[in-house]
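# Residue-level structure breakdown
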Amino acid sequence: MRFLHTSDWHLGRSFHRVGLLDAQAAFLDHLVATVRDRDVDAVLVAGDVYDRAVPPLPAVELFDRALHRLAEAGVPTVMISGNHDSARRLGVGAGLLGRAGIHLRTDPAGIGTPVVLADAHGEVALYGLPYLEPALVREQLGARRGGHEAVLAAAMDRVRADLATRPAGTRSVVLAHAFVAGGAASDSERDITVGGVSAVPAAVFDGVDYVALGHLHGAQTLTPRVRYSGSPLAYSFSEADHRKTTWLVDLGADGAVTAAERVDCPVPRPLARLRGRLDDLLADPAHTRHQDSWIEATLTDAVRPHDPMARLAERFPHTLNLVFEPERADTDSLASYAQRLRGRSDQQIAEDFVAHVRAGGGLDAAERTVLYGAFDDVRVDAATTEREGGR
């Protein structure tokens, strides 16, 4: 059985104030064409269909058209909600859509109820694990403790329990939206840290034949049977070196992954990150190939140049982001605030602040627990508000 594994469409998202709806429409055209041209048996969408809980109407219309086209192609689609989606909104009409072959899995209560497909070798059970906010689903899933690993382990217990009731030789696929240990993150994923821990071990998914992951935006192979498809478009300059693809995965008669091919997605415009003094960037012939790219320029001039964005735009008309990092000694304490915070989570930033105001004295274990709990409470409150329909 052949699957097309994709995720993290983020419909409605922009890129540094540049609208991406046309590029997202081109990707969906490409997806439907791939389904038709490559004899795909099912499409797997591993969460973050939309970029926010209440997406703009054009994004909803684009999604609606995509669903109609997939249904018309007669190819089943299994789709889960991610941490950017409103599970309740995305799941509206799931029962009716299921009759058209579009299977939305947004409710944790349905984790143990698979979509069952069949081919000449027997049945394949596809289980959808929507994004599981630990504080909201722990009791429902009977997890023994909080945290992503505990709730995903409880969810997988339900999957394995259902799979054990099925005929011998039934193959299995799980869709999940999570940060799995070993995956490489980028700047455009929303932090899902709980209690200072967000990554879960790949071993949580033991017992199934293929795991289609979403959340991280770079295509990655954690094991031959556990993969991220990544996002179809770049959503931050940290993804400038990404090759944006979907996975075309063949599952053999015995459940082994017999082939996994990356299918390139359309690129609306290449990305480039340039660094150096302004005059050098404007004169260097090596940068000619980037003149039609979206540009993030990091200027290292010791003194901020006059009107740098306008000057850059003369050579690089698609310059979108400007960063100032003046060349200084490595020990210079005046390094930019943004530079010092880059790659650090909210919790780490808060801990650093406490250590700073205490003149180097960090948090003890009890204080760290309180701090993490406060961040978790804010995130859970936001998730609860969204789940209840907003205020």
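Conventions used here
Residues numbered from 1 in each chain as written. Predicted model: local features only at pLDDT ≥ 70, side-chain atom pairs only at ≥ 80, totals over all residues. Heavy atoms only, no water. Pairing = 2+ DSSP bridges. Helix = DSSP H or I, 4+ residues; strand = E, 2+ residues; numbered from the N terminus. Axes fitted to C-alpha atoms, helices over the stretch in contact; angles between N-to-C directions. Contact = heavy atoms within 4.5 Å. Phe/Tyr/Trp six-rings, centres within 6.5 Å; stacked < 30°, edge-to-face > 60°. Buried < 20%, exposed > 50% of the residue type's maximum accessible area, 1.4 Å probe, protein only. Lys NZ or Arg CZ within 6 Å of the ring centre and 35° of its normal.

Looking now at the sheet that holds strand 5 (residues 77-80). If you walk across this open sheet you meet the 6 strands as 6-5-4-1-15-16, and the pairing is mixed. In the strand order of this sheet, the two ends are held by strand 6 (102-105) and strand 16 (257-264), each with one partner. Neighbour-to-neighbour, the strand axes of the sheet open up by a mean angle of 20 degrees, direction not taken into account. Across 4 bridges, strand 1 (residues 2-6) lies against strand 15 (residues 245-251) in antiparallel orientation. Across the sheet, Arg2 pairs through a bridge with Asp250, a residue of strand 15. Contacting strand 1, strand 4 (42-46), strand 15 and strand 16, helix 1 (residues 21-37) crosses the sheet at an angle of about 170 degrees to strand 1.

Turning our attention to the packing of aromatic side chains. The description of two aromatic rings rests on the distance between their centres and on the angle between their planes. Taken as a whole and assessed by the stated rule, the structure comprises 4 aromatic pairs. Aromatic pair Phe15 and Trp294: ring centres 5.4 Å apart, planes at 35 degrees, arrangement tilted. Residue Phe15 is found in strand 2 (residues 14-15), and its partner Trp294 is found in strand 18 (residues 294-299); the two are separated by 279 residues along the sequence. On the accessibility criterion, Trp294 (9% relative accessible area) is buried. An aromatic cluster of three or more residues is present, and its members are Phe15, Phe237 and Trp294. Seen from the ring of Phe324, Arg304 lies directly overhead, with NZ or CZ sitting 3.7 Å from the centre.

In regular strands, side chains alternate between the two faces of the sheet. In terms of burial, strand 4 is largely enclosed, as 5 of its 5 residues are buried. The alternating pattern of strand 4 places Ala42, Leu44 and Ala46 and Val43 and Val45 on opposite faces, both of which are buried. With 4 bridges connecting them, strand 1 and strand 4 associate as parallel partners. By the bridge assignment, His5 is partnered in strand 4 with Leu44.

Our next topic: the pairing of strand 15. Counted residue by residue, strand 15 has 7 buried out of 7 residues, so it is predominantly covered. Residues Thr245, Trp247, Val249 and Leu251 of strand 15 are buried on one face, and the alternating residues Thr246, Leu248 and Asp250, pointing to the opposite face, are buried as well. Of the strand pairs in this sheet, strand 15 and strand 16 are connected by 7 bridges, and their pairing is antiparallel. Looking at the pairing, Thr245 lines up with Asp264 of strand 16. In textbook terms, the turn of a hairpin is the stretch between consecutive antiparallel strands, and for strand 15 and strand 16 this stretch comprises 5 residues, one of which, Gly255, has a positive phi near 90 degrees.

These figures capture arrangement, not role.
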